[in-house]
Amino acid sequence: VPTAGRVELRDVTFGYPGAERPVLDGVSFVAEPGQTTAIIGSTGAGKTTLLSLVSRQYDPQQGSVAIDGVSVSDLGRHEMASVVGLIPQKPYLFSGTIGSNLRFGRPEATDAELWEALRVAQGADFVREKTHGLDERVSQGGTNVSGGQRQRLCIARALVARPRVYLFDDSFSALDVATDARLREGLGEATAGATVIIVAQRVSTIRSADQILVMDGGAVVGRGTHDELLESNETYREIVES
Ligand code: DUT
Ligand code: MG
């Protein structure tokens with residue numbers, strides 16, 4: 001099992017273009033390969049923004065974002081796709097077939113690999129039910145795929161690409177608890193050795209994470225395991241109790 005994909009943010013400050021105040025202020029953390037780092041925090045805390053810096057949709061105004069010691073600003077677009085797999089909070093599909101969507105990050109993937117990724121992502125059943133299976137057409141705003149199915153296809157797409165770093169942005173909150181548990185159990189195996197960062201709302205989703213970062217107002221206000229944070233962090237306790 002290859003272990004690489006160490007993510008390191010150092011003193012990152014970022015504001016959206018044209019905005020007066022920064023959205024992230026002095027954020028530092030390390031996410032290790034083979035581990036799950038969970039991020040929790042209230043709406044608007046800056047969780048999605050943080051992931052967008054790791055996947056280099058934006059560059060920080062100050063500080064650095066590095067993967068395995070290389071600044072993400074030195075990675076080309078194509079390289080980036082094989083290093084980081086982002087499952088966005090609002091999952092999107094490209095116009096094309098289910099298969100072409102799943103192969104986006106690794107065009108040479110076999111059908112068997114697509115089905116295996118779908119199985120892990122809890123999406124194999126509904127694709128099998130489609131008349132044309134992997135060749136079923138989908139469109140960006142298409143209605144033949146539900147929101148939840150879209151999310152599973154995006155998870156499968158990331159798995160097919162086999163990146164070193166997985167970024168799950170609130171990908172599990174809409175699932176029922178049983179599917180959530182099944183999905184994450186399979187993911188644990190499929191992503192073994194990689195660096196996994198999960199933004200989540202449910203405490204049950206992040207309880208077992210190796211490290212939890214608590215975000216508030218664009219800053220990391222707590223870090224530790226579930227038990228450590230329960231003991232020491234007021235913001236975390238409020239989230240857990242709400
Ligand atoms: N923001 C912008 N422009 C954008 C995106 C976000 O100004 O294109 C602001 C909104 C918010 C802050 O940045 O005040 C952080 O937003 P983000 O989406 O990162 O927050 P979140 O922690 O992901 O919130 P949620 O839990 O609702 O997804
Ligand atoms: Mg968000």
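These notes cover the structure that comes with them. Values in this document were obtained by computation on a predicted structure and should not be read as measured data.

The next point concerns the coordination of the magnesium ion (ligand 2). For the magnesium ion (ligand 2), the full set of protein donor atoms is Thr48 (OG1) and Gln89 (OE1), and the range of their distances to it is 2.0 to 2.3 Å. You can see Thr48 sitting in helix 1 (residues 47-54) and its partner Gln89 sitting in the loop between strand 6 (84-87) and strand 7 (96-97), a full 41 residues away along the chain.

Our focus in this paragraph is the pattern of salt bridges. Counting across every chain of the model gives 13 salt bridges. Salt bridges here are not isolated pairs; linked through shared partners, they connect Arg6, Glu8, Arg10 and Glu32.

Time to look at the site of ligand 1. For ligand 1, the full set of nearby residues is Tyr16, Val23, Ser42, Thr43, Gly44, Ala45, Gly46, Lys47, Thr48, Thr49 and Gln89. Between an oxygen atom of ligand 1 and a side-chain N or O atom of Thr49, the distance comes to 2.5 Å. Between an oxygen atom of ligand 1 and a side-chain N or O atom of Gln89, the distance comes to 2.8 Å.

The end-to-end C-alpha distance of helix 7 (residues 177-190) is 20 Å, a good match for the 20 Å that 14 residues give at a rise of 1.5 Å each. The set of residues buried in helix 7 consists of Thr179, Asp180, Leu183 and Leu187. Summarising the axial view, the buried residues of helix 7 lie within an arc of 100°, below the 170-degree limit, and thus occupy one face. Away from its buried face, by an angle of more than 90 degrees, helix 7 presents the exposed residues Val177, Glu185 and Glu189. Looking at the packing, one finds that the buried side of helix 7 touches helix 4 (111-120), helix 6 (147-161), strand 9 (165-169) and helix 8 (203-206).

Spatially, six strands are ordered 6-9-10-3-11-12 in an open sheet, and the strand pairing comes out mixed. Where the open sheet ends on each side, the last strands, each with one partner, are strand 6 and strand 12 (219-224). Each strand axis lies, on average, 15° off the axis of its neighbour in the sheet, ignoring direction. Pairing of strand 11 (residues 211-216) with strand 12 involves five bridges; the strand directions are antiparallel. Note that in strand 12 the partner of Leu213 across the bridge is Arg223.

What counts and how
- Residues numbered from 1 in each chain as written.
- Chains lettered and ligands numbered in written order.
- Predicted model: local features only at pLDDT ≥ 70, side-chain atom pairs only at ≥ 80, totals over all residues.
- Heavy atoms only, no water.
- Donors = N, O, S within 2.8 Å, 3.2 Å for Na, K, Ca; no water.
- Helix = DSSP H or I, 4+ residues; strand = E, 2+ residues; numbered from the N terminus.
- Salt bridge = Lys/Arg side-chain N within 4 Å of Asp/Glu carboxyl O.
- Near = heavy atom within 4 Å.
- Polar contact = N/O pair within 3.5 Å; in protein donor to acceptor, adjacent residues only side chain to side chain.
- Expected span 1.5 Å × (residues − 1).
- Buried < 20%, exposed > 50% of the residue type's maximum accessible area, 1.4 Å probe, protein only.
- Arc of directions from axis to C-beta.
- Contact = heavy atoms within 4.5 Å.
- Pairing = 2+ DSSP bridges.
- Axes fitted to C-alpha atoms, helices over the stretch in contact; angles between N-to-C directions.

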